[in-house]
Amino acid sequence: MKTEHAPTIARADYRPLSWTVERIDLHFQLDPTATVVTNRMVCVRNPAAEPGPIRLWGEAQERLALTVDGAVPQGLRENATLLEIDVEGERAVVEIRSRIDPKANTTLSGLYLSSGGFFTQCEAEGFRRITWFPDRPDVMARYTVTLEADRASCPVLLSNGNLLETGELPGGRHYARWEDPFPKPSYLFALVAADLVALEREVETASGRKVLLQVWVAAADIDRVEHAMDSLVHSMRWDEETFGLELDLDRFMIVAVADFNMGAMENKGLNIFNTKFVLAKPDTATDIDYENVESVVAHEYFHNWTGNRVTCRDWFQLTLKEGLTVFRDQQFSADMLARAAGPEGAASARAVKRIDDVRVLRAAQFPEDAGPMAHPIRPDSYQEINNFYTATVYEKGAEVIRMLHTLLGPEGFRNGMDLYFSYHDGQAVTCDDFVEAMSEANNGFDLDQFMRWYSQAGTPRVGARGEWNAADASYTLTLTQHTPPTPGQDDKLPLVIPVAVGLIGPDGKDMPLQFDGEKQAGPTTRLLTLTEAEQRFRFIGLAAEPVPSLLRGFSAPVILDVEENDARLGFRMAHDADPCNRWDAAQRYAERVILALARAHAEGRVEQAPAAFVAAFRALLTDATLDPAFRAQAAALPGEAYLLERMAPADPAALRAALIGLMRELGESLAADWLALFESMQVPGPYRYHPADAGRRALANLALRYLAAAGDAAGLGHAQAAFERAGNMTERFGALAALVQSTSPARDAALAAFQARYRDDALVLDKWFALQAGAWRWQADSAPTLERVRALMNDAAFSLANPNKVYALLGTFFRANAAEFHAADGSGHAFWADQVIALNAKNPQVAARMARALENWKRYTPALQASIRPQLERVLAAAGLSPDVEEVVGKALG
Ligand code: PHE
Ligand code: ZN
C-alpha cells in the first residue's frame, strides 16, 4: 500500500544489476499462517554492470535471519522494500530466513491459500512477497526447492522441474524436493501443496523422448480434464511441426486453482491455471469454453519457448513474450479449426477465428488506445507493472507480430524465429533483439521504420480514395495514414502498414490485379505496403470501375476511415471474396444503421432500420452456401463497447435504445427465417466438441436470441422450450441467455432452475451471475439491473475474494452493460466507487481492473461526466489506495 504518490518507473532507466544469482536453494515449511522460508542463494558479481551492492527486494514478510558467507553482514542498508548489502569479492552465499502468512494474503500474488491448498503466483513481482531476491526477469538462476507440509491436507507437493525425492517427516508431515535444470527468472517460480488428483498421459516428443503430462485438479473435477489434456498434446505437436520446438522437460504439469487473478501462468514445467481455463465437460462448459481452454492451454505451453527459454530483460519488454505468444496461440487455433473443417471449409474456418480476434481487438484495445492509459506495445513508463498486462501489450502486440509474419512470409518468419532462438536461448532480451533476428534472417530486411509500432501509441487511421480512369482503364488508389495524439505523444510518424487489397468488379467478382509496370495480372489479393503519410498505387487493365476491398484479413491494427454508402456496403456484404471483409462490411453497415437510430433516439424520435439493410442482413443470414459459424459472426451486431467508441459523445442510453429497437425489428421481421434456422441448425446426438457442431449451435442460439428479442409469445415459447430440452451447456446457456435478454415472464423461473441445478458448481454459477449482471432493460418499467446486482452480492455463492466472481458479477456490469451502469441517476457510478474501494483493500490487481471501467469517462455526455467525476475523486482520495488503483484513477482524472 502506498504511503505517498506512486513513483513512475521509466524504461530508459534500465541498468543491469551489480550482482545476480547463479543458484538458489529454497526450503518451505508450509503452514497456513506461519510459513517459514529459507533461501540460500549463490550471488555472483555481474561483470557487465557498474560495481555496487547486492540488491534484494522483499515485501510482506518478517525476516528471521540473514547471513552472508555464514556471518552477519557488515554494510547493510534497508528500506520498506529493498535491502542492499555491500560485499567484497566475486561471489557470496546469502542466506535469509523469513516468515510469511499465506492465509492473510488476499492479493493472490506471492504465496496464498485456496480451498486449503498452497499456491503461488509470481509474475510480475510476486516472488519478493515470498523471499528477498533480486526480483527482476534479467536474473536467471537455477532452483532447487524443498517443500514440507501436512500430509493429510496437502498430499501433493509440486514445484518446477524434476522430482528428486520425497519422504515422511514426524508429526504427520512429509516433504518433496524438486530441481529445475533450466535457469529461470524468479517470476517463473511456482509451488503447489494441496489435495489434488491428476489425469496423466505419457507421450513421446518428436525426437523420441518420453515425457509425462499431468493435469492436477480437485478430485471432484477429474471428469472435466480430458479436453485440457488433449489440448496440451495438440499444442505440443503443433509447436514441433510449425516451429520445430519440443518440450524440454521430462514432466509437464498443469494445476487448476479456483482463486486466480488472471487466466493462467506459464511457470516453468508447472503451469498454474484459473479453473475456468482447464475444466470442461458437456454439461457445464459451452463451446466457447472449450475453445478458450484449448487456446489458453496452448498459450501457456507455447510460453515455454517464447517467454521461458528466452525471456524479457525488463517488464517494459512484456510484449516480447506476450504479443508473440498470443500470435502463436491464434495461429494454432486457426490451424486446429482449419484442420477440423477439412480442405473445403478451411478458409472460412480461419476467417471465423480471425474475426473473433478482430472483435476482441476492437472491443478492448481500440478504446484503450483512445484513452488516458494509451501506451505503445512497449510502454515507456509505468507506476504499477500489473496495470500493463493490457490488450495493447497482448492483442495489439500480437497484431504487430502478425504484420511481421505478413511482410516476411511464413518461411521468412520461421527463419527469423530459428535465428532468434539460436542467438538468445537462455537469455533475457529486448524487443529489439527479436526484430533484429527477424531482419537478419531475411537478408537484412529493413525493419527500422517498422520499429515505430513498438514506440507509438494510438490506433492509426488509414484513409483511401480511388480514381478510375476509363480512358486508360487504370485505377489509382491513394492511401493515407495518420495516428492521433495520445497522452505524452503529440506527434506521430508514419508507420509501416501492410494493406491487403482486392478490387471487386461490377459482377461482384474479384478483378485481375495488375500493378502499373507488371507484365501480367497476379493474384486477386495483393499486399500494399504503406510507409508514407500519403501514397499512390496504380493498377492497370481494369475495364470497369472497381469497388475496393481494403485491409483484407484485417492486415493491420488500424481504423479504416473510409466513407462507404449503404449501397456499397450492401454490395460488399454480398460479394466481397474476403470473408473477413465481408463480415466487416456487415459490421460497418450495421454500425451506420445503429448510430443513426441512436441519434434519432437522442433527439426523441423512434426510427426503423432501412429496408435495404434488413434485406442485406437477411441475404447473408440465409445464404446456405456459407458456413454456419461465419453466418453467426455476420449476424451478430457490433459490440456495445466498440460502438460507444464510435459515438461522440458516447451516449449509452441512446445506443441501448437503438440496439433494443433493432434487435426487436430484426427478430420480428425475419421471424420465419430465424425459426427455420433454429430448427435446421439443431445438432443431433450426444454432444461432442467439434467446430462444425459449434458453428451450428452458435447460429441456432443467435436465432433464439432474435426470436426472443421480438418478444411475441411464439418467439418466447421457442426459447423456453429450448431451455427445457437442452442437452448440453451450450444449448442450455444459449436458451437461458435468450430468455434473460427478453421480456419473457419465465426468465426468473428459468434462472432459478439453472441455479438449483448448478448450486455447487462455481464455474457455472459465474455464468449465472454474469448473465444477470449483463441484462438489458427490455421493458421500460422493469427494475434497474443494479438492484439485481446488489442482491446477488449477498448470494451465498458470491465472494469479493474470488476474482472469477468479481469479474462475472461486477466486471460484467461495469464493462458489458453500459446503459445500466451509466444510469442517469448516477447510482451505478457511486456503486462502482464503493466496490473499487472495497476491492482495493483486498486485492489491488482486481480493484484496478474494475477501476479501468471508467477510464474513458471524458468521452461520455456532459451529464454523465458530471456524475462520474466526483466518484473518481472519491476513489482517489480513499485511504490506503494501492499504486494499482491510483495509477488508473489518477490517469483518468488526468
Ligand atoms: N503471463 C500470463 C500469460 O499471459 C499472464 C499472467 C500475468 C498471469 C500476471 C498472472 C500474473 O499467460
Ligand atoms: Zn502470456
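Keep in mind it's a predicted model, so treat the numbers as computed, not measured.

Each value, and the rule that gives it
- Residues numbered from 1 in each chain as written.
- Chains lettered and ligands numbered in written order.
- Predicted model: local features only at pLDDT ≥ 70, side-chain atom pairs only at ≥ 80, totals over all residues.
- Heavy atoms only, no water.
- Axes fitted to C-alpha atoms, helices over the stretch in contact; angles between N-to-C directions.
- Helix = DSSP H or I, 4+ residues; strand = E, 2+ residues; numbered from the N terminus.
- Parallel < 35°, antiparallel > 145°, perpendicular 65-115°, else oblique.
- Left-handed = near helix turned anticlockwise from the far one by under 90°.
- Contact = heavy atoms within 4.5 Å.
- Nonpolar A, V, L, I, M, F, W, Y, C, P; charged D, E, K, R; others polar.
- Near = heavy atom within 4 Å.
- Polar contact = N/O pair within 3.5 Å; in protein donor to acceptor, adjacent residues only side chain to side chain.
- Areas by Shrake-Rupley, 256 points an atom, 1.4 Å probe, with all protein chains shown as cover.
- Phe/Tyr/Trp six-rings, centres within 6.5 Å; stacked < 30°, edge-to-face > 60°.
- Buried < 20%, exposed > 50% of the residue type's maximum accessible area, 1.4 Å probe, protein only.
- Lys NZ or Arg CZ within 6 Å of the ring centre and 35° of its normal.

Participant: Quick one: what's the story with the packing of helix α16 (residues 729-740) against helix α18 (residues 762-773), residue by residue and with numbers?
Facilitator: Put simply, α16 and α18 touch, their axes get as near as 11 Å, and they point 20 degrees apart. Between α16 and α18, the angle falls in the class roughly parallel. For the element pair α16 and α18, the recorded crossing hand is right-handed. Across the interface between the two elements, Met 729, Phe 733, Leu 736, Ala 737 and Val 740 of α16 pack against Val 764, Lys 767 and Leu 771 of α18. Looking at side-chain class alone, the contact of α16 with α18 contains 7 nonpolar, no polar and 1 charged residues.

Participant: Describe the packing of helix α13 (residues 671-680) against helix α14 (residues 691-710), naming the residues involved and giving the relevant values.
Facilitator: One way to put it is that α13 packs onto α14 with a least axis distance of 8 Å and a crossing angle of 145 degrees. You can see that α13 and α14 cross each other, and the crossing is left-handed. Residue-level inspection shows Ala 671, Trp 674, Leu 675, Leu 677, Phe 678 and Ser 680 of α13 in contact with α14, the latter providing Arg 696, Leu 699, Ala 700, Ala 703, Leu 704, Tyr 706 and Leu 707. Within the contact of α13 with α14, the residues separate by chemical class into 11 nonpolar, 1 polar and 1 charged.

Participant: Let's hear about the site of ligand 1: which residues, and what values?
Facilitator: Near ligand 1, the surroundings consist of 13 residues, among which Glu 123, Glu 266, Glu 300, Glu 322 and Tyr 394 are the closest. The contact in question runs from a nitrogen atom of ligand 1 to an N or O atom on the side chain of Glu 123, over 2.6 Å. Residue Tyr 394 places a side-chain N or O atom 2.6 Å away from an oxygen atom belonging to ligand 1. For ligand 1, whose free accessible area comes to 330 Å², the fraction covered by protein is 96%. For the shell around ligand 1, the elements supplying multiple residues, two or more each, are β19 (264-265), α2 (287-303) and α3 (318-369). Per-element accounting of the shell around ligand 1 gives the leading share, 3 residues, to α2.

Participant: How would you summarise the packing of aromatic side chains if you had to cite specific residues and measurements?
Facilitator: A complete count under the given rule lists 38 aromatic pairs for this structure. Ring centres of Trp 238 and Phe 302 lie 5.0 Å apart, and the angle between their planes is 35 degrees; this geometry places the pair in the tilted category. Linking Trp 238 in helix α1 (residues 226-243) with Phe 302 in helix α2, this pair joins segments that are 64 residues apart in sequence. Here Phe 327 and Phe 413 contribute two aromatic rings whose centre-to-centre distance is 5.5 Å and whose plane-to-plane angle is 65 degrees, an arrangement assigned as edge-to-face. Taken as a pair, Phe 327 in helix α3 and Phe 413 in helix α4 (residues 391-424) lie far apart in primary sequence, 86 residues in all. Summarising the burial analysis for this pair, Phe 327 and Phe 413 share the class buried. Taken together through their ring pairs, the aromatic side chains of Trp 238, Phe 243, Phe 252, Tyr 301, Phe 302, Phe 327, Phe 332 and Phe 413 make up a single cluster. Here the guanidinium or amino end of Lys 184 rests over the ring plane of Tyr 143, the centre of that ring lying 4.1 Å away. For Lys 268, the ring lying beneath its charged end belongs to Phe 182, and the centroid distance is 4.4 Å.

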